[in-house]
Amino acid sequence: MPPKRRSDTISEKTIPSKTRRSGTKFSLRDSIEYEECDEYINANIIPSANDSGESNLDDESDCESENNFSEADDSFSFENKIMLNQIQKSKILSSTPTELFELFFSLDLKNHIVNCTEKNGYKMSITDFNVFVGIIIFTMYNKRLSQRDYWSREPHLKAEPVSSSMSRLNFETIKSKIKFHQSEDQNDADRVWRVRTLINIFRKNLIQFGIFSTALSIDEMMLKFYGRSVLKQFIKGKPKRFGIKLWALCSSNGFLFDFDVYCGKSNQKTEKLAKCALGSRVVVNMLQVVFSTVTLRKRDQLHIYFDNLFTCPDLLVHLKKYGLVATSTVRANRVEVKNAVTDKDERGKFEVKCDKQSGINFITIMDSKPVSILSSAVGVTPSGTVERRVKGQKERKELKFPRAFMIYNQFMGGVDLHDQRCNAIEPTIRSKKWTWTIFVRMIQSAMTNATILYNLCHEHKVSTKFVAMSVGKEYLNRSKVSKPDLHETEQQKLPR
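Residues numbered from 1 in each chain as written. Predicted model: local features only at pLDDT ≥ 70, side-chain atom pairs only at ≥ 80, totals over all residues. Heavy atoms only, no water.

**Q** Help me understand the side chain of N339 in this model?
**A** Within the secondary structure, N339 sits in the loop between β10 (325-330) and β11 (350-355). Of note is the side chain of N339, whose polar atom sits 3.4 Å from the backbone oxygen of F362. Polar contacts involving the side chain of N339 include one to the side chain of T364, which spans 2.9 Å. If we ignore the near neighbours within four places in the chain, the residues touching N339 are E351, V352, K353, F362, I363 and T364. (Helix = DSSP H or I, 4+ residues; strand = E, 2+ residues; numbered from the N terminus. Polar contact = N/O pair within 3.5 Å; in protein donor to acceptor, adjacent residues only side chain to side chain. Contact = heavy atoms within 4.5 Å.)

**Q** In this structure, what is going on with the state of the cysteines? I would like to understand it.
**A** Two cysteines whose sulfur atoms are joined by a covalent bond form what is called a disulfide. Going through the model one piece at a time under the given rule, you end up with 0 disulfides. Cysteine C250 is unpaired, with the sulfur of C422 as its nearest cysteine sulfur at 8.5 Å. (Disulfide = S-S within 2.5 Å.)

**Q** Teacher, can you tell me more about the environment of C116 here?
**A** The residue C116 is located in helix α3 (residues 107-119) in this model. Along the sequence, C116 and F180 sit 64 residues apart, while their C-alpha atoms lie 5.8 Å from each other. Leave out the neighbours within four places in its chain, and C116 touches K179, F180, H181 and Q182.

**Q** Would you mind going over the environment of V283 with me for this structure?
**A** The residue V283 is located in helix α8 (residues 278-286) in this model. Linking V283 and I218, residues 65 residues apart in sequence, is a C-alpha distance of 7.0 Å. Discounting chain neighbours no more than four positions away, the residues touching V283 are I218, F306, F310, L315 and L319.

**Q** I tried to follow the confidence of the model for the protein on my own but got confused; where do I start?
**A** Reading predicted coordinates in detail is not appropriate for stretches of low pLDDT. For the protein, per-residue confidence averages 81 on the pLDDT scale, and residues scoring 70 or more make up 79% of the total. A low-confidence stretch, residues 1-61 stays under pLDDT 50, and its non-local contacts, those more than four residues away or across chains, total 144 contacts. (pLDDT = per-residue confidence, 0-100.)

**Q** Mind showing me how you'd approach helix α11 (residues 313-321) here?
**A** Three or four residues apart is the spacing at which side chains of an α-helix point the same way, because the helix has 3.6 residues per turn. In terms of burial, α11 is largely enclosed, as 7 of its 9 residues are buried. All buried positions along α11 are accounted for by P313, D314, L315, L316, V317, H318 and L319. Looking one or two residues beyond α11, the residue adopting positive phi is G323, at roughly 85°. (Buried < 20%, exposed > 50% of the residue type's maximum accessible area, 1.4 Å probe, protein only.)

**Q** Help me out: how do you make sense of the environment of G413 in this one?
**A** Mapping G413 onto the fold places it in the loop between α12 (403-411) and α13 (414-423). Taking the C-alpha atoms as reference, G413 lies 9.4 Å from L216; in sequence the two are 197 residues apart.

**Q** It is not clear to me how the packing of helix α1 (residues 86-93) against helix α14 (residues 434-457) should be interpreted in this structure. Could you clarify?
**A** Relative placement of two packed helices is described by the angle separating their axes and the distance separating the axes. At a minimum axis separation of 9 Å, α1 and α14 run at an interaxial angle of 110°. One finds that α1 runs roughly perpendicular with respect to α14. Residues K89, I92 and L93 of α1 touch α14, and the partners they reach there are L453, Y454 and C457. (Axes fitted to C-alpha atoms, helices over the stretch in contact; angles between N-to-C directions. Parallel < 35°, antiparallel > 145°, perpendicular 65-115°, else oblique.)

**Q** Explain the pattern of salt bridges to me, please; I cannot follow it from the model alone.
**A** Two side chains that carry opposite charge are able to pair once their charged atoms sit near each other. What the rule picks out here adds up to 17 salt bridges. Across the pair E220 and K245 runs a salt bridge, and its minimum N-O distance is 3.5 Å. With a gap of 25 residues between them, E220 in strand β5 (residues 215-224) and K245 in strand β7 (residues 242-251) connect regions that are remote in the sequence. By relative accessible area, which is 10% here, K245 ends up buried. Between R347 and D367 there is a salt bridge; the shortest N-O distance is 3.1 Å. Residue R347 is found in the loop between β10 and β11, and its partner D367 is found in the loop between β12 (361-366) and β13 (370-375); the two are separated by 20 residues along the sequence. With a relative accessible area of 28%, R347 lands in the partly exposed category. The class of D367 is buried, set by a relative accessible area of 15%. Overlapping salt bridges bring together E102, K110, E474 and R478 as one network. (Salt bridge = Lys/Arg side-chain N within 4 Å of Asp/Glu carboxyl O.)

**Q** Looking at this model, I keep getting lost on the packing of aromatic side chains. Mind explaining?
**A** Each aromatic ring pair is described using two quantities: the centre-to-centre distance and the angle formed by the ring planes. Applying the stated rule across the entire model yields 25 aromatic pairs. Relative to F171, the ring of F132 lies with its centre 4.9 Å away and its plane at 35°, an arrangement referred to as tilted. Of this pair, F132 sits in helix α4 (residues 126-141) while F171 sits in helix α6 (residues 168-177), and the two are 39 residues apart along the sequence. When the centroid spacing of 5.7 Å and the interplanar angle of 55° are considered together, the rings of W436 and F439 count as tilted. On the criterion of helical spacing, the pair formed by W436 and F439 is a turn pair, its members being 3 residues apart in helix α14. Both residues of the pair, W436 and F439, count as buried. The cationic tip of K175 hangs over the ring face of W436; the distance from NZ or CZ to the ring centre is 5.6 Å. Above the plane of the ring of Y475 lies R478, whose end atom (NZ or CZ) is 4.4 Å from the centre. (Phe/Tyr/Trp six-rings, centres within 6.5 Å; stacked < 30°, edge-to-face > 60°. Lys NZ or Arg CZ within 6 Å of the ring centre and 35° of its normal.)

Next comes the structure, spelled out in C-alpha cells:
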C-alpha cells in the first residue's frame, strides 16, 4: 500500500500562549509536509518566515529563574552510542580498507564520471579511471613540490609506482578532459548542477549504514579554492579564508552522514524554505536524512549539536516537536530574554532561565566572555569541572560548569574532526576548476569514513594515512604500463 501524502499545520494547542506583546513567544503557525509510513514519518519541517532570529521571549510569565528549571530525563544517555547491527559489523569486519573505501566511492559513481567524460568527447575506461584516482591518492601521502616531479627522470625525485602505472601525458589528458555532468543535467537554478548528480550518488552512499551514531553535529566546512567561481566565499579570521563552503552533518567521531554545497544568498533552489533564516534552513535540510531513515521510536536517542550561526529558539522548538532534542550556543541578539551575566562578573558565574511550555533551558555563563547556550535536552546538573586560568594567578583553578556546556564541548566537534582528517591527506595535484575541488573532497571523505568504520569494528586502530596507502597501492597495481614512459621517450629525443 503506497504511503499517504498530506499537508497539515500545527494545531492551535501546540501554539505557545501570547505574551504582553502582540507577538507570541515562538512562531504562530508552521507549515508541515510529511509522508506517513509504517515505521517513520518523512517530515519536511518548514519553519515560519518570522524565524529569522529575534524571538519574542518575555522574561516574566513564561520563564523560570535559576532556582527552578527543567532537567533532562534520567533515561536519556549523553554519549555517542554506535547502533550498528550484527550484519553491518560482520560486513565491515570482512572488508579490506579498499572495499570500505569503495562502499562510498562506489562503482556507480565511477561509471557516472566515465560516462560523462565519454559523452563530452573523451573515451576513458574504468581501469584508466581507477589508476587516475590511485595517482591522486598516492600524492596524498607521498608529497612532491610539483605534479611533474612524479614523472621526473631524476631517480631521487621520480615516483616509480606512478610513472610505471600511467604516463604523464595520459594523466594530464584525463585531468583536463574529465567531466562530471551531461548536457541534460544543466539547471540554471542550481549553481552546482555540474556536480549535482555526482553529489546525489555520493550522499546516497553515505547513509547506506543508516544513522548509526546518537551524537550528531551540524557545521560548515571550507574547501580551499583560489580560482574564479561564483561559489567562492570569504570568511575573515578562518584558517581558510577563501574557498567553497559546505554544510555537513557528522557524528561526534567525524563520520560524514550528509553534506551540501552553499550556493550563495541569491540561490532559491529550495522554494519552500526560501523565506526562512539561513541557519534554520540549513539545519532542516541536513536533518532530512534523519527524518527519512530513523524511526520515531529510535529518534529520541539522538542529540543534535550546532553552533550560534544556526541557532534560534524557534528552531529548537520545531525539532523537539518531531522527536529531536538539540543543544547549541546562541548569539545575544537571537533571544530577547537576557541573563544578568556581564564581562565584569567573576569567571564561572552563570544564570539559567527556562521556558515552561517548550522545556528549553537558556543558560549564560561567564568564561573568557559571556557565553549563552540553548538546550531542549539538558540543564545545569549534574555539573562538571573545568580548569581555567584566573587573572593574577599562575595556577589554574577548577570551576563548575553547567552540564549543557560540558556535553556541548564533548560532542560538537564532529564536522571539524572530519575536516581535519580530510586536510591531513590533501593531495599535491590541484586544479583551477571548482568541480575538481569537490571531486577531491569526495575522495578524502570516502577515505575518512572508511577509516572510522574500520576502527569501530577492529581492535587494532589505523590512521587515515594507512587506509590511503592501502587504497593507493591496490589502485596503482590494477594496471601496469608495459611500454616505456612517454614523457621519458620524448625527453630522450631532445638534443643533448
